[in-house]
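Breakdown of the fold
Chain by chain, the residues run as shown.
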Amino acid sequence: MEFKTGDHVVYPTHGVGTVQGIETMSAAGHALQVIVVTFEENRMTLRVPVGKAASSGLRKLTAPDAIKEALETLKGRARIKRTMWSRRAQEYEAKINSGDPVAIAEVVRDLHRNAGQPDQSFSERQIYEQAMDRLAAEVAAIDRTDKVQATEKLLAHLKAG
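Below, the structure is looked at part by part. (Residues numbered from 1 in each chain as written. Predicted model: local features only at pLDDT ≥ 70, side-chain atom pairs only at ≥ 80, totals over all residues. Heavy atoms only, no water.)

1. Considerations on unusual backbone geometry
Quick note on the threshold: A run of H or I in DSSP becomes a helix once it reaches four residues, and a run of E becomes a strand once it reaches two; helices and strands are each numbered from the N terminus. Three labels apply to residues, based on accessible area from a 1.4 Å probe with only protein chains included: buried if under 20% of the type maximum, exposed if over 50%, partly exposed otherwise in between.
Positive phi outside glycine occurs at alanine 28, with the angle close to 55 degrees. Note on placement: alanine 28 falls in the loop between β2 (15-27) and β3 (30-39). Look at alanine 28 and you get exposed, because its relative accessible area is 80%. Phi angles above zero are rare outside glycine, and arginine 43 is one such case at about 45 degrees. Examined against the element boundaries, arginine 43 turns out to sit in the loop between β3 and β4 (44-49). Residue arginine 43 is classed as exposed on the basis of its relative accessible area, which comes to 82%.

Shown next as structure tokens:
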């Protein structure tokens, strides 16, 4: 994959960032080319070796048809397994950190609460917000809007389900 300065990319554990360029660094006496990615939201800079970009999960924004699939996933019925919360929480975290928008949409769908439903625990709410934030960031970058508008779009799809 070729990354150019200004490209929006997704790093699975950090979400949507912007490529600042490719630099050559010296590490242990070796020259190493790295892709410099910044994440505005948490003011972080990440340097990913060019050779490890694919295996680390760094990717360009999802294609519009894959985002459509994620939005359709939001309309589906919640599928909550009858396992202990700690096990489900681990599975949800793994889905969020996979960087796959459809998997993240599943987490949002499964943890979304409508009016009249029982309240969420603190950890459920945290995981839900993390998944919603990650999905909204990618939708916002694809639609060229902000995260607030993207979140409203996601909530509209959840309510349509």
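There is more to say after this.
2. Thoughts on the nonpolar core
The condition is simple: Here, the term nonpolar core denotes a set of buried Ala, Val, Leu, Ile, Met, Phe, Trp, Tyr and Cys residues that are joined through side-chain atoms within 4.5 Å. Residues count as neighbours in contact if any of their non-hydrogen atoms are within 4.5 Å of one another.
The biggest cluster of nonpolar side chains holds 24 residues, and the ones touching the most others in it are Leu74, Val107, Val108, Ile127, Leu135 and Leu154. Taken together, the elements giving at least two residues each to this core come down to α2 (64-75), α3 (85-98), α4 (101-111), α5 (122-143) and α6 (147-160). By residue number, the principal contributor to this core is α5, which donates eight residues. Setting aside its immediate chain neighbours within four residues, leucine 135 contacts Leu74, Pro101, Ile104, Ala105, Val108 and Leu154. In this structure, Phe3, Val9, Tyr11 and Ile35 belong to the second largest nonpolar core, which totals 11 residues.

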